[in-house]
Amino acid sequence: MTLAVERFGSSKPDRLEFVRVNYDRPTRKIARHAFCEQLRRILAEQFPDEIVESLTISAELEHSLSGNYVRGILRRGSTDWAVLGVADNESADTVENSLTFALLWLERARESSRRATIAGLRLILPKGGARVVAQRIGALRPQLAPELYERDPVREVLQRLDPRAAGNIDSWIVPQRETQSLLDRARSALDPIVALAPSAIRLHPSVASGAVWLRFRGLAIAKWDEGRVFFGTGEGCEELSATSGPALKKLLNDLETHRHPMASDTRHVLYRA
């Protein structure tokens, strides 16, 4: 802490510094300060026509501003942009809560700005961390919706995202030959099970996990994984063997009775699962 000390007869104030010795800053705090300086450089390169007016990682508890986030102002002429960034090593909760603190920072920036107009908010998140935040942005009024960016840690660039394009489903394309190869490997173990209820059981291969799921009218009841078959509903699963074969047949009989469009007991757990 540095104080300006005035003395009688002196034209300029002196400096009085209080220094804490033998103090090690926490590793996370050091990393956040390093990210603050890194973000300052990235913003200067990403927005060359704007000036990084301020950037800080310090908490401002009076206005509910957390020290988990870097916040600052970008200035271009008489227009300012409020900026809030999240470092890569922060927790998932910190990333998901960033929109709340970004809106708090936007309000604080508008209250304290006297020389310029706050045009809006730029929210900068780690790569791959924007999905939940993007969904929440969709619930805001268009006037409040921030510009959303993800930071590429390798190239150190910001990629702007369209929140409307962030869905809640991951999709990818798997070559048919890989799917067929997985089914061929599992076929000998699964065909006898499918034969017990061919009209109700469907195979669902998952190339990513290397497993094939069996679903009885939509309900997962068994899984083939590297030559082994496990069956059951919910958390209670057991491996298929000569001794557990009757239990599998009983499960299929129960499913045929209760998991059926014409079932009489529509409150049964297998019907509702």
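See above for the structure.
Residues numbered from 1 in each chain as written. Predicted model: local features only at pLDDT ≥ 70, side-chain atom pairs only at ≥ 80, totals over all residues. Heavy atoms only, no water.

(A) Spatial organisation of the sheet that holds strand β9 (residues 201–206). The antiparallel open sheet is built from five strands, whose spatial order is β9-β10-β11-β12-β13. Of all the strands in the sheet, the pair left with one neighbour each is β9 and β13 (238–239). Taken together, the two bridges between strand β12 (residues 228–231) and β13 define a ladder with antiparallel strand orientation. Note on β13: the bridge partner recorded for Phe 231 is Glu 238. (Pairing = 2+ DSSP bridges. Helix = DSSP H or I, 4+ residues; strand = E, 2+ residues; numbered from the N terminus.)

(B) Spotlight on unusual backbone geometry. Despite not being glycine, Ser 64 has its phi angle at roughly 60 degrees, a positive value. Here Ser 64 shows up in the loop between β3 (51–56) and β4 (70–76). Residue classification places Ser 64 among the partly exposed positions, given a relative accessible area of 44%. For Glu 226, which is not glycine, the phi dihedral falls at a positive 50 degrees. Relative to the assigned elements, Glu 226 resides in the loop between β11 (219–225) and β12. By relative accessible area, Glu 226 is classed as exposed at 56%. (Buried < 20%, exposed > 50% of the residue type's maximum accessible area, 1.4 Å probe, protein only.)

(C) Focus on the pattern of salt bridges. Per the stated rule, a full pass over the model turns up 20 salt bridges. Residue Arg 122 is joined to Glu 147 by a salt bridge in which the shortest nitrogen-to-oxygen separation is 3.1 Å. Separated by 25 residues along the polypeptide, Arg 122 in strand β6 (residues 117–126) and Glu 147 in strand β7 (residues 147–152) bring together distant segments of the chain. Its relative accessible area of 5% is what places Arg 122 among the buried residues. With a closest N to O distance of 2.8 Å, Arg 228 and Glu 239 form a salt bridge. Here Arg 228 is found in strand β12, whereas its partner Glu 239 is found in strand β13, with eleven residues between them in sequence. Connected through shared salt-bridge partners, Glu 50, Arg 122, Glu 147 and Arg 160 make up one network. (Salt bridge = Lys/Arg side-chain N within 4 Å of Asp/Glu carboxyl O.)

Worth remembering: the numbers are spatial, not functional.
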